[in-house]
Amino acid sequence: MDISTDIWGQLAVEASQVYLSDGTVRSPFADTTIEKLPDKVLLHIFSYLSHREICRLARICRRWRQIAYDTRLWKNVSLRPEVSGLHVGSLEMLLQLISVRFGPTLRYIELPIELITHTVLHELSAKCPNLTHMLLDFSTGRWLVNLSPILDYIFVFLLAMQLHDFSEMQAFPTKLRYMCICLSEVIFMEGFMRKIYNFINGLEVLHLIGTYEKCEEEEEEIYEVINVHKLKSATPNLRVINLYGINFIDDSHIDAFSSNCIQLECLAVNFCNKVTGSTLKTLIQRSKRLTCLLMNGTSLKSEFVMQAEWDKCALQELDITATDLSTECLVDMLTRIPTLKFLSAGQINGFNDSVLKQWVESGTTRSLISLDLDSSDNITDEGLLKFLQRQGHQLSACCLSGMPHITDQLWMSVLPLLGNCKIIVMGTAEKLGVNIHVDQLMDTIASNCGNLERLELRWDPDNLRFSDKSQKAIDILRVKCLKLRCMVLDGRYYETVKANFERADRITVVRTTTCCRVSPYHLLRNYNDLIFN
């Protein structure tokens, strides 16, 4: 924002002038209040606030209300109160907001199911010509389901009634480049989707978010609530496709997208447990621009994975975490991908020292910058150390968490090899029989990892041992790791570290595991496009 240098110059001069009045030292600037700031400075201050806070400030006075309604503060709007968005009481109020407050400056909007109507979409199309990002939330809570068969039917009926009639819809935003649809298990989308197919052929990023839950539930009937095969025909320009936790997505849907989306760069099917990899060979052959493939928590079969022509692909980023691939398959795949930069391969029993050794010997690790081997219990300390002695200097992310045998002693040997690391995750939540001397660890990190941006200690708080001199070690870490923006840990040591950073006015750095987890995903080329919700 262009703030007049004259204003700041005047404030600086006034602040520096001190004169005596009635025997007291006083500055003319002492009487200056926020009311004397120009509107554009207030607007800049307001831009750092959430929309909820802006709405509260609008009640202060007429001037602040006028600034709060400036359309430049309403470029990105969430109307989902359950995820910190605004609550809109009625459709009439929303229509007024679109017309008066949002207008041409609106770029991004999130709508819950009750506000997704043909009238609202018409108004967005007419009044917000620069709208490029949209999230439509059709998902609903499942906490009522399984109470009884009768309540199940009532619940499903009520959900279906929430979906408005779109038979009269004739307009939809046409400049969308990003669209995220949060699916429901029981609301069928075909009536709505049929109306928007003609308007979304410019989409470059598509998110379909399912109802994946980590807890195991009883087998239920699975409905294909959105027709992926028709959707792919309407979106030929997709670069990034994220199908997250959708229980009906299988290999045929991957094949469908690969047959029509020649621009495809990134495909994510994390937690789609029906994906086995049977169409990987076809995907690699068709998608010449595919550089990122994320398949965390899928049901990949080794025989299908080994059939793919990995040596002819352009793949640079791969996530196969929590899959059941064999050692033979891992060796075959990793030694054939020529330019792999990013690998997440944690929670795989078949990943062992032999895989690391043959991977290094093949020469295909020369481009590697990120390695995540979370909970890889079959890798030994010696195997990891040998690998990192060869590759550690080129890594920007190193995640060796979830392994009880990887203690602070190994990390003390490894950290001097990780001088270029920006992301480090260490430790296991499993209670250990030995203690972790965290002071020495902090000293070593500070001395060797000056570029560190994100750090997570996952050890049980009871295993962390620190002394009265901990403040000195934390001071050194804070002073030497100036790029550190996120440090995640728990327990008494968290309180000590947080207080230290807060005294240095770095109040957002130290966090707990309940609200933050560190991931190497920050290094993905399409990371910003993959963010949803």
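Residues numbered from 1 in each chain as written. Predicted model: local features only at pLDDT ≥ 70, side-chain atom pairs only at ≥ 80, totals over all residues. Heavy atoms only, no water.

1. Some remarks on the pattern of salt bridges
Pairing is possible between side chains of opposite charge, provided their charged atoms come close. Inclusion rule: Every case where a carboxyl oxygen of Asp or Glu lies within 4 Å of a side-chain nitrogen of Lys or Arg is listed as a salt bridge.
Evaluated as defined, the whole model comprises 22 salt bridges. Taken together, the shared-partner salt bridges connect Arg177, Glu204, Arg239, Glu265 and Asp529 into one network.

2. Comments concerning the pairing of strand 4 (residues 108-112)
Applicable threshold: Type-normalised accessible area, obtained with a 1.4 Å probe on protein chains alone, sets the label of each residue: buried when under 20%, exposed when over 50%, and partly exposed for intermediate values. Every helix listed is a DSSP run of H or I at least four residues long, and every strand listed is a run of E at least two residues long, numbered separately from the N terminus. Strands are labelled as partners when DSSP assigns at least two bridges between them. Note on handedness: a clockwise path from strand one over the helix to strand two, with the strands aimed away from the viewer, defines a right-handed crossover.
For strand 4, the tally of buried residues reaches 5 of 5 residues, placing the bulk of the element in the interior. Residue alternation in strand 4 divides its side chains into two sets, Tyr108, Glu110 and Pro112 and Ile109 and Leu111, and both sets are buried. By the bridge criterion, 3 bridges tie strand 3 (residues 76-78) to strand 4 in an arrangement that is parallel. When the bridges of strand 4 are listed, asparagine 76 appears paired with tyrosine 108. Following the chain from strand 3 across helix 5 (residues 91-102) to the adjacent parallel strand 4, one finds a crossover that is right-handed. Sheet topology note: the strand 4/strand 5 (residues 133-137) ladder contains 5 bridges and is parallel. Within the sheet, the bridge partner assigned to glutamate 110 lies in strand 5 and is leucine 135.

3. Here we look at the pairing of strand 14 (residues 397-401)
Counted residue by residue, strand 14 has 5 buried out of 5 residues, so it is predominantly covered. Alternating residues of strand 14 divide into Ala397, Cys399 and Ser401 and Cys398 and Leu400, and every residue in both groups is buried. Of the strand pairs in this sheet, strand 13 (residues 370-372) and strand 14 are connected by 3 bridges, and their pairing is parallel. Looking at strand 14, one finds that leucine 371 is bridged to cysteine 398. Following the chain from strand 13 across helix 15 (residues 381-391) to the adjacent parallel strand 14, one finds a crossover that is right-handed. Both strand 14 and strand 15 (residues 423-427) contribute to a ladder of 5 bridges, which runs parallel. When the bridges of strand 15 are listed, cysteine 399 appears paired with valine 425.

4. A word on the packing of helix 18 (residues 470-480) against helix 19 (residues 491-503)
Basically, it comes down to this: Under this scheme, a helix contributes an axis fitted over its contacting stretch, all axes are lines through C-alpha atoms, and angles between N-to-C directions fall in the 0 to 180 degree range. In what follows, roughly perpendicular refers to angles from 65 to 115 degrees, roughly parallel to angles under 35, roughly antiparallel to angles over 145, and oblique to any angle outside these ranges. Should the near helix be turned counterclockwise from the far one by less than a right angle, the crossing is left-handed, whereas a clockwise turn marks it as right-handed. Any two residues having at least one pair of non-hydrogen atoms within 4.5 Å are treated as being in contact. The nonpolar class holds Ala, Val, Leu, Ile, Met, Phe, Trp, Tyr, Cys and Pro. Asp, Glu, Lys and Arg form the charged class, and all remaining residues, Gly among them, are polar.
Two numbers describe how helix 18 lies on helix 19: the axes approach to 10 Å, and their chain directions differ by 55°. Accordingly, the angle class assigned to the pair helix 18 and helix 19 is oblique. Note on packing geometry: the crossing formed by helix 18 with helix 19 is right-handed. Taken together, the residues of helix 19 that come into contact with helix 18 (itself represented by Ser470, Gln471, Ile474, Asp475 and Arg478) are Tyr493, Thr496, Val497, Asn500, Phe501 and Arg503. Here the residues of the contact of helix 18 with helix 19 sort into 4 nonpolar, 4 polar and 3 charged.

5. Notes on the environment of arginine 458
The criterion, for reference: Each polar contact in these results corresponds to two N or O atoms within 3.5 Å; when the atoms are within protein, one needs to be able to donate a hydrogen and the other to accept it, and residues that are neighboring in sequence are counted only if both atoms are side-chain atoms.
In this structure, arginine 458 sits in the loop between strand 17 (454-457) and strand 18 (464-465). The class of arginine 458 is buried, set by a relative accessible area of 19%. Once residues lying within four places of it in the same chain are set aside, the contact partners of arginine 458 are Asp374, Ser401, Val425, Met426, Gly427, Thr428, Ala429, Arg517 and Val518. In terms of polar contacts, arginine 458 uses its side chain to reach the side chain of serine 401, at 3.1 Å.

6. Side note on the nonpolar core
So the rule is basically this: In this text, buried Ala, Val, Leu, Ile, Met, Phe, Trp, Tyr and Cys residues form a nonpolar core when linked through side-chain atoms within 4.5 Å.
Phe192 and Trp411 are the most contacted members of the largest nonpolar core, which totals 148 residues. Apart from residues no more than four positions distant in its own chain, phenylalanine 192 is found in contact with Ile116, Leu121, Leu136, Phe138, Phe166, Met169 and Phe172. Among the nonpolar cores identified, the runner-up in size contains 15 residues, and Tyr178, Leu294, Phe342 and Leu530 belong to it.

7. A few points about the packing of helix 14 (residues 353-362) against helix 15
Contact geometry for helix 14 and helix 15: axes closest at 9 Å, N-to-C directions at 20°. Overall, the two elements helix 14 and helix 15 adopt an arrangement that is roughly parallel. Crossing of helix 14 against helix 15: the hand is left-handed. Residues Asp353, Leu356, Trp359 and Val360 of helix 14 form the contact with helix 15, whose own contacting residues are Gly383, Leu384, Phe387, Arg390 and Gln391.

8. Quick look at the packing of aromatic side chains
Note the following rule: Pairing of aromatic side chains requires ring centres within 6.5 Å, counting the rings of Phe and Tyr and the six-membered ring of Trp. Pairs whose planes differ by under 30 degrees are stacked, by over 60 edge-to-face, and all others tilted.
For the structure shown, the criterion picks out 13 aromatic pairs. A centroid spacing of 6.1 Å and a plane angle of 35° characterise the contact between tryptophan 74 and phenylalanine 102, whose relative ring orientation is tilted. Here phenylalanine 102 lies in helix 5 and tryptophan 74 lies in the loop between helix 4 (62-68) and strand 3, a separation of 28 residues in the sequence. For tryptophan 74, a relative accessible area of 1% translates into the label buried. Residue classification places phenylalanine 102 among the buried positions, given a relative accessible area of 1%. Note on phenylalanine 172 and phenylalanine 192: the rings are 6.4 Å apart at their centroids and 75° apart in plane angle, and the pair reads as edge-to-face. You can see phenylalanine 172 sitting in the loop between helix 7 (149-162) and strand 6 (178-182) and its partner phenylalanine 192 sitting in helix 8 (residues 190-196), a full 20 residues away along the chain. Relative accessible area serves as the criterion here: at 0%, phenylalanine 172 is assigned to the buried category. Under the relative-accessibility criterion, phenylalanine 192 is labelled buried at 1%. Taken together, the ring pairs connect Phe138, Phe166, Phe172, Phe192 and Phe199 into an aromatic cluster.

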